[in-house]
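Per-entry structural report
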2 protein chains.
Amino acid sequence: MNPLLMIPGPVPLHQRVLSAMSKPMINHRSKEFAGIYEECVSILKDVFRTKNDVFIISGSGTAGMEAAVSNVVDGDDVVTIVNGKFGERFKDIAELYGNTIPIEYQWGNSIELDDVEVALEGGAKVVTMVHNETSTGILNPVKEVATLARKYEALVIMDGITSIGGVDVPIDEWGVDIAIAGSQKCIAAPPGLVAVSVSERAWERMEDKRAPYYLDLKEYQKYANKEVTQTPYTPAIPLFFALQEALRMLKEEGTQESIKRHRRYAEAVRNAIRAMKLELFPRLNDISEYSNTVTAVNMPEGITDKQLRDGVKEKGVLIAGGQGQVAGKIFRIGNMGAISEKEILFTIRALESVLAEHGLKTKGMGATAAEQILKSWSYLHP
Amino acid sequence: MNPLLMIPGPVPLHQRVLSAMSKPMINHRSKEFAGIYEECVSILKDVFRTKNDVFIISGSGTAGMEAAVSNVVDGDDVVTIVNGKFGERFKDIAELYGNTIPIEYQWGNSIELDDVEVALEGGAKVVTMVHNETSTGILNPVKEVATLARKYEALVIMDGITSIGGVDVPIDEWGVDIAIAGSQKCIAAPPGLVAVSVSERAWERMEDKRAPYYLDLKEYQKYANKEVTQTPYTPAIPLFFALQEALRMLKEEGTQESIKRHRRYAEAVRNAIRAMKLELFPRLNDISEYSNTVTAVNMPEGITDKQLRDGVKEKGVLIAGGQGQVAGKIFRIGNMGAISEKEILFTIRALESVLAEHGLKTKGMGATAAEQILKSWSYLHP
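Residues numbered from 1 in each chain as written. Chains lettered and ligands numbered in written order. Predicted model: local features only at pLDDT ≥ 70, side-chain atom pairs only at ≥ 80, totals over all residues. Heavy atoms only, no water.

1. Topic: the side chain of Arg264(A)
All names here are of chain A. By the secondary structure assignment, Arg264 is in helix H11 (residues 255-275). A residue is classified by how much of its surface remains accessible, and Arg264, at 16% relative accessible area, is buried. Only 2.9 Å separates the side chain of Arg264 from the backbone oxygen of Leu374, close enough to count as a polar contact. Sequence-distant contacts of Arg264, that is, excluding residues within four places in its chain, are made with Glu341, Ile373, Leu374 and Trp377. (Helix = DSSP H or I, 4+ residues; strand = E, 2+ residues; numbered from the N terminus. Buried < 20%, exposed > 50% of the residue type's maximum accessible area, 1.4 Å probe, protein only. Polar contact = N/O pair within 3.5 Å; in protein donor to acceptor, adjacent residues only side chain to side chain. Contact = heavy atoms within 4.5 Å.)

Dropping the structure here:
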């Protein structure tokens, strides 16, 4: 049996999404494919809450991050905000195309707006930031950073790969110029597609820039505007079948309902963690929040990373370890994809059992605390 | 009903390949995924007839072409051989990373080795060429070009996207440094993955080069060599399930048998075309061949491109038109993917009917000619 995927992606998929992929191939320059692409883009615009153009690239989230940076940066100064692995990735990508002005925090620490403002005063033209930093379980303050960026006329590029669909992202209201969503996270489709929104301001900056051939957003625009909507290069057709189905399901549920679901599950996990006397990893300030799609927890004393995750896996649940500088120091529980309350409780119970087996006295309290949240949520958040 | 895809990709897929995609998601940094990736690479090495490293990137064939060029070219001179659309694409990509020395022919014309040698004498470090030029139905002489390239110590990058699996490609024997295969062509998997082989000579040239972040082959190597084989960025998991199944089927059939099958079908199509008094588009010299995966035909007088392709489509078969400078002037029939003799004959009959409906007197002869080849093949090529 496959373990239950409670990692920050790939996530469990609904049977409707899985089944959609076994449809026969179609021509990718046909009206049929155009219809699928257009429907995906239309629903994505609602999810992104944007009137900006949205394109779907066949590639991972990282391809979307590179498309965002490479299309608007060409030797320019880029403020790169780093408080986790994916902030670092943005910095690494920005270094390939421009001069980075990094604002770096220890992983799990919150972003300070004063630091961002000082960096922007230098005249940088672009800011990159990660909305939901899955490596640390922290939700960074995009709205506040975007407000500052507007003041200094810098573009804002937001990695929303693990937030969009599970966290509210009013892209236009916030003034985010390029936002990136992954298929295999809150949207609950398989990995392999990435959606990128592009504002009018971003288009203006793009005119004289040379992005990689495969990631040139001007080409995506050109082909999207053809008589029959297309992608410039052959798209990963089965993944589009799946994305269409996943987005239809998201539309049926309602984006706001999906966001509420993710928040409810994450709160249940956090309440369980607290009840088990474990410590959440992120150090929040007044403009940060805990992630509502992945919970990062300090590794308790008396058990190793390997013991904890292998133990939980033996009970049928895959959770994630720490990456990079926090490898072995934290563990992470994702709550995205086609899961229900049952899977949340199953995960908590598996974790509790493993801790108990290693002499940590937490058994029972975590699952009860999670259930409390799951039951009371409709009263707390009508 | 979906039309039969007799275009140069995407191609019809076997039910085994389609069904493989509805398996539940797995963790991409697990031993299970490593096993799938390694099995795919192992079979691909047999198909490529190479001992070189092979990597699989989540992206289209174009992503593979850009990976090839960008990893070894950084301001260097690149001889780009162009006699069709994909040769042009290589030139466009090479222009982003180096100085191109284009050798250009009208589409459908053959490559002349003297031209290549003259260009190489200038000291260019890299040659790009398309093996099977689907835009024109011509098979270019890789072996001969590679021999010249060796003489002048230039790397050879070969687009084998629509040949590998359907045409013999002894990569090591020929001395091709980087070869690229698409998933959605002769391998008969869905689109969205591209395989790239890298020779020792190519690795040496890569050391100081900066490729796009997403396409940096050094990162693919680094992750392939980890304790658990991985890709640097989240792979398109369902497409790997499909590729694994398609490659298993290719292994069961045998690469040489698959090559023979493609050649047999293409010869049947060509024989039908000749019997129908239509003209094949490519102009061959003594080192070129007709493509064995796609046949390009001059548009006959008395019928328009639209009439021909729409007519054939109404009879249930999708064939391709001309691209770029030959749009409206040729039509193209692919013979890749999970098809049998039946589909070849069905296609020829559909074409014949449409031509007959427009007063072109060809009915019957084409299908008979195709059948002759299909039946006699085992005697002709024991």
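2. What about the domain arrangement of chain A?
All names here are of chain A. We note that the domain assignment places domain 1 (15-252) and domain 2 (255-380) within chain A. With centres defined by C-alpha atoms, the gap from domain 1 to domain 2 works out at 27 Å. Facing the 31 residues of domain 1 at the interface are 28 residues of domain 2. Carbon and sulfur atoms make up 54% of the surface buried where domain 1 meets domain 2, a total of about 2,300 Å² over both sides. Taken as a group, Trp107, Gly137 and Leu139 account for 23% of the area that domain 1 buries against domain 2, more than any other trio of residues on that side. At the junction of domain 1 with domain 2, the criterion picks out zero salt bridges. Where domain 1 packs against domain 2, one counts 16 residue pairs in polar contact (both at pLDDT 80 or more). For the side of domain 1 that touches domain 2, the secondary structure elements donating two or more residues are helix H4 (85-97) and strand S7 (138-139). Classifying every residue of the side of domain 1 that touches domain 2 by side-chain character gives 12 nonpolar, 12 polar and seven charged. (Domains from an automatic or database assignment. Buried area = accessible area lost by both parts, 1.4 Å probe. Salt bridge = Lys/Arg side-chain N within 4 Å of Asp/Glu carboxyl O. Nonpolar A, V, L, I, M, F, W, Y, C, P; charged D, E, K, R; others polar.)

3. As for the interface of chain B and chain A
Across the boundary between the two partners, chain B contributes 48 residues, which contact 48 residues of chain A. Buried area between chain B and chain A, both sides added, is near 3,700 Å², and the carbon and sulfur share of it is 66%. Across the contact surface, chain B and chain A share zero salt bridges. The interface formed by chain B and chain A holds nine residue pairs in polar contact (both at pLDDT 80 or more) in total. Secondary-structure elements contributing two or more residues to the side of chain B that touches chain A are helix H1 (15-20), helix H3 (61-72), helix H4 (85-97) and helix H10 (237-253) of chain B. When residues in the side of chain B that touches chain A are grouped by element, the largest group, six residues, is from H4(B).

4. Section: the state of the cysteines
Residue and element names in this part refer to chain A. Inspection of the entire model under this criterion finds zero disulfides over all chains. As a non-bridged cysteine, Cys40 has Cys186 as the owner of its nearest cysteine sulfur, 17 Å distant. Among the residues examined, Cys40 registers a relative accessible area of 1% and is labelled buried. (Disulfide = S-S within 2.5 Å.)

5. Focus: the environment of Ala154(A)
Residues and elements named next belong to chain A. Among the structural elements, Ala154 can be located in the loop between helix H6 (142-151) and strand S8 (155-159). For Ala154, a relative accessible area of 0% puts it in the buried group. Sequence spacing of Ala154 and Asp177 is 23 residues, and the spatial spacing of their C-alpha atoms is 9.4 Å. Leave out the neighbours within four places in its chain, and Ala154 touches Leu120, Ala124, Lys125, Val126, Val127, Ala149, Asp177 and Arg205.

6. Quick notes on the pattern of salt bridges
Within the structure shown, the criterion is met by 36 salt bridges over all chains. Note that Arg150(B) is salt-bridged to Asp177(B), the shortest N-O span being 3.1 Å. Separated by 27 residues along the polypeptide, Arg150(B) in helix H6 (residues 142-151) and Asp177(B) in the loop between helix H7 (171-174) and strand S9 (178-182) bring together distant segments of the chain. Overall, the relative accessible area of 26% leaves Arg150(B) in the partly exposed class. Within this structure, Arg16(A), Glu245(A) and Glu252(A) form a network of salt bridges that share partners.

7. Describing the side chain of Asn52(A)
Structurally, the position occupied by Asn52(A) is in the loop between helix H2 (31-48) and strand S2 (53-58). In this view, Asn52(A) contacts Lys45(A), Ile171(A), Asp172(A), Val176(A), Asp177(A), Ser197(A), Val198(A), Ser199(A) and Glu200(A); residues no more than four positions away in its chain are not counted.

8. What to know about the relation of the copies chain B and chain A
The two copies are related by a screw operation: chain B maps onto chain A through 180 degrees of rotation and 0.0 Å of translation along the axis, at an RMSD of 0.0 Å. What we have between these two chains is a two-fold relation. Scanning chain B for the C-alpha nearest the rotation axis identifies Gly59(B), at a separation of 2.6 Å. (Least-squares fit on C-alpha atoms with pLDDT ≥ 70 in both.)

9. Some words on the nonpolar core
In this structure, Ile81(A) and Ile81(B) are the most contacted members of the largest nonpolar core, which totals 202 residues. Once residues lying within four places of it in the same chain are set aside, the contact partners of Ile81(A) are Gly87(A), Ile103(A), Tyr105(A), Ile111(A), Val116(A), Val127(A), Thr128(A), Met129(A) and Val145(A). (Core = buried A, V, L, I, M, F, W, Y, C linked by side-chain atoms within 4.5 Å.)

10. Some points on H6(B)
Residue and element names in this part refer to chain B. Every buried residue of H6 is accounted for by Val142, Val145, Ala146, Leu148 and Ala149. Along the axis of H6, the buried positions cluster into a sector of 160 degrees, meaning they face one direction only. Away from its buried face, by an angle of more than 90 degrees, H6 presents the exposed residues Thr147 and Lys151. On its buried face, H6 is in contact with strand S3 (77-82), helix H5 (113-121), strand S5 (126-130), strand S8 (155-159) and H7. Glu153, located one to two residues past H6, shows a positive phi value of around 55 degrees. (Arc of directions from axis to C-beta.)

11. Some points on the pairing of strand S4 (residues 99-104) of chain B
Residue and element names in this part refer to chain B. Across six bridges, the pairing between S3 and S4 is parallel. Bridge pairing links Thr80 to Pro102 in S4. What joins S3 to S4 is H4, and the crossover it makes is right-handed. (Pairing = 2+ DSSP bridges. Right-handed = clockwise from strand over helix to strand, strands pointing away.)

12. What about the packing of helix H2 (residues 31-48) of chain B against H10(B)?
In helix packing, the relevant descriptors are the interaxial angle and the interaxial distance, both defined with respect to the helix axes. All names here are of chain B. Between H2 and H10, whose axes approach to 9 Å, the crossing angle comes to 40 degrees. In terms of axis orientation, H2 runs oblique to H10. The crossing of H2 and H10 is left-handed. On H10, the residues touching Phe33, Ile36, Tyr37, Glu39, Cys40, Ile43, Leu44 and Val47 of H2 are Phe240, Phe241, Leu243, Gln244, Leu247, Arg248, Leu250 and Lys251. When the residues that make up the contact of H2 with H10 are grouped by side-chain class, the tally is 12 nonpolar, one polar and three charged. (Axes fitted to C-alpha atoms, helices over the stretch in contact; angles between N-to-C directions. Parallel < 35°, antiparallel > 145°, perpendicular 65-115°, else oblique. Left-handed = near helix turned anticlockwise from the far one by under 90°.)

13. A look at the environment of Ala146(A)
Residues and elements named next belong to chain A. Here Ala146 lies in helix H6. In sequence terms Ala146 and Leu120 are 26 residues apart; their C-alpha atoms lie 11 Å from each other. With near-sequence residues (within four places) excluded, Ala146 lies in contact with Val156, Trp174 and Gly175.

14. Let's talk about the packing of aromatic side chains
Under the counting rule described, the total for this entry stands at 14 aromatic pairs over all chains. Residues Phe33(B) and Tyr37(B) carry aromatic rings whose centres are separated by 6.2 Å and whose planes lie at 40 degrees to one another, so their mutual orientation is tilted. Note that Phe33(B) and Tyr37(B) are positioned in helix H2 at a spacing of four residues, about one turn of the helix. The two residues Phe33(B) and Tyr37(B) agree in class, both being buried. Feature note: the residues Tyr213(A), Tyr214(A), Tyr220(A) and Tyr233(A) constitute an aromatic cluster, connected by ring pairs. Residue placement shows Lys85(A) over the ring face of Phe86(A); its charged tip is 5.9 Å from the ring centre. Geometry around Tyr223(B) places Lys226(B) over its ring, the cationic atom sitting 4.4 Å from the centre. (Phe/Tyr/Trp six-rings, centres within 6.5 Å; stacked < 30°, edge-to-face > 60°. Lys NZ or Arg CZ within 6 Å of the ring centre and 35° of its normal.)

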